[in-house]
Amino acid sequence: MIRASSTSDSSEGSGKRKRRRKKRKRPKRKKPRGVNFVVGYSKLWDSDPIHAVVTRLKKRFGLVWLRFSMSYKRFPNARELFRADLDRKMNDKLVSKEFQQRECNCRGSNLRDGDCIYGEECRKRCLVYKITCRHCKKFYIGNTSDLLKNRTAGHCSDACSVANQSSKPRSTALSSHMFEHVKISHPDGPPTGARFSVPLMKSMMNAEVMWHFNGIRACKTFGKRECILCNEERLYILKAMKSGDKLLLNPDLRLGSGCP
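On a predicted model such as this, the values are computed, not experimentally measured, just so you know. (Residues numbered from 1 in each chain as written. Predicted model: local features only at pLDDT ≥ 70, side-chain atom pairs only at ≥ 80, totals over all residues. Heavy atoms only, no water.)

Colleague: How should the environment of glutamate 226 be read in this particular structure?
Modeller: Considering the arrangement of structural elements, one finds glutamate 226 in the loop between helix H7 (215-218) and helix H8 (228-242). Excluding its chain neighbours within four sequence positions, the residues that come into contact with glutamate 226 are Thr221 and Asn231. (Helix = DSSP H or I, 4+ residues; strand = E, 2+ residues; numbered from the N terminus. Contact = heavy atoms within 4.5 Å.)

Colleague: Looking at this structure, how should I read empty space enclosed by the protein?
Modeller: One water molecule sets the probe size; rolling that probe over the atoms shows where empty space is left. Going through the model one piece at a time under the given rule, you end up with 1 cavity of 30 Å³ or more. Taken as a whole, the largest cavity encloses approximately 40 Å³ of empty space. Every residue along the wall of the largest cavity is listed here: Ile131, Thr132, Cys133, Leu174, Met178, Met204 and Met205. If one sorts the elements of the lining of the largest cavity by residue count, strand S5 (residues 127-133) sits on top with 3 residues. Here the residues of the lining of the largest cavity are counted per class, giving 6 nonpolar, 1 polar and no charged. (1 Å grid on protein atoms, 1.4 Å probe; cavity = no way out; pocket = protein on both sides within 12 Å on 5 of 7 lines; lining within 4 Å. Points joined across faces, edges and corners; volume = space filled by probe spheres on them. Nonpolar A, V, L, I, M, F, W, Y, C, P; charged D, E, K, R; others polar.)

Colleague: I keep staring at unusual backbone geometry and nothing clicks. Help me out?
Modeller: Outside of glycine, negative phi angles account for most residues, and trans bonds account for most peptide bonds. With phi around 60°, aspartate 113 is a residue other than glycine that occupies positive phi space. In this fold, aspartate 113 is placed in the loop between strand S3 (111-112) and strand S4 (115-116). The exposure class assigned to aspartate 113 is exposed, which follows from its relative accessible area of 78%. Of note in the backbone geometry, cysteine 126 takes a positive phi value of approximately 55° without being a glycine. Mapped onto the fold, cysteine 126 is located in the loop between S4 and S5. (Buried < 20%, exposed > 50% of the residue type's maximum accessible area, 1.4 Å probe, protein only.)

Colleague: Quick question: what am I supposed to make of the nonpolar core here?
Modeller: In globular proteins that are soluble, nonpolar side chains generally tend to be buried together. In this structure, Tyr118, Met178 and Met201 are the most contacted members of the largest nonpolar core, which totals 26 residues. Elements supplying a minimum of two residues to this core: S5, helix H4 (148-163), helix H5 (173-185) and strand S7 (205-212). Looking at this core element by element, the count peaks at 6 residues for H4. If we ignore the near neighbours within four places in the chain, the residues touching methionine 201 are Cys156, Ala159, Cys160, Ala163, Met178, Val182 and Phe196. Core analysis: the second largest hydrophobic core is formed by 15 residues, Val128, Ala218, Tyr236 and Ile237 among them. (Core = buried A, V, L, I, M, F, W, Y, C linked by side-chain atoms within 4.5 Å.)

Colleague: Could you clarify how one ought to interpret the sheet that holds strand S6 (residues 139-144) in this entry?
Modeller: Within a sheet, neighbouring strands are paired by backbone hydrogen bonds and run either parallel or antiparallel to one another. Sheet architecture is open: 3 strands sit in the order S6-S5-S7, paired in antiparallel fashion. Across the chains shown, the open sheet's two edge strands, defined by having one partner strand only, are S6 and S7. Adjacent strand axes in the sheet meet at a mean angle of 25°, parallel and antiparallel pairs treated alike. With 6 bridges joining them, S5 and S6 adopt antiparallel strand pairing. The partner of threonine 132 across the bridge, within S6, is phenylalanine 139. The strands touched by H4 within the sheet are S5, S6 and S7, with S5 carrying the most contacts at an inclination of about 45°. (Pairing = 2+ DSSP bridges. Axes fitted to C-alpha atoms, helices over the stretch in contact; angles between N-to-C directions.)

Here it is as structure tokens:
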């Protein structure tokens, strides 16, 4: 009984080895057998879906080798094309008071030598802006649907909160850069009984408008990947990167994402 069991074990072991050798010798396919079908969306296939028709034809003609995968793509119909054209014509000369440029009302820290530090464009909305550091000439490109001076004040407020050690560093590269200059000029922190203020941060930079757009046409794309404002900002950042400008503060393009 012991010998029989040993011979059976040896035969099983040799059989496993042979199977392993066969698996190793089996050549791998260089090209996959999968076939992709890209089909436009249509209501003409109400009776049977397209994948059912392909399966039926496969069985009818004996195409056993065919392994297919479906990818449905929808094309705009005439109704959607006419609606898009109508919206474009209606919004062509339409102006909103909210996005309309207003007269400059700057005072205090927004004035330098009696002139507006934003070049009379402080109350523009829906734009791509450029903020340049007056110390090292490095610049930051951003976008906003708010007033230009409100967005600039937000950057300065972030830098002040970091410099006053009231919060952790923010995500914007401009705020971090302004904080670095403050550390150099005031290595021991703010003076006794004083705090770093927004006017101090504003005195360190120059702001200008690079691109301005009609907010009515752009607001439909806000929050989406095809946002006109965000894509225009990425375009200006990409131009600065391609030119090899080392003064750019923006870390990346944030490709593949929508509005932050």
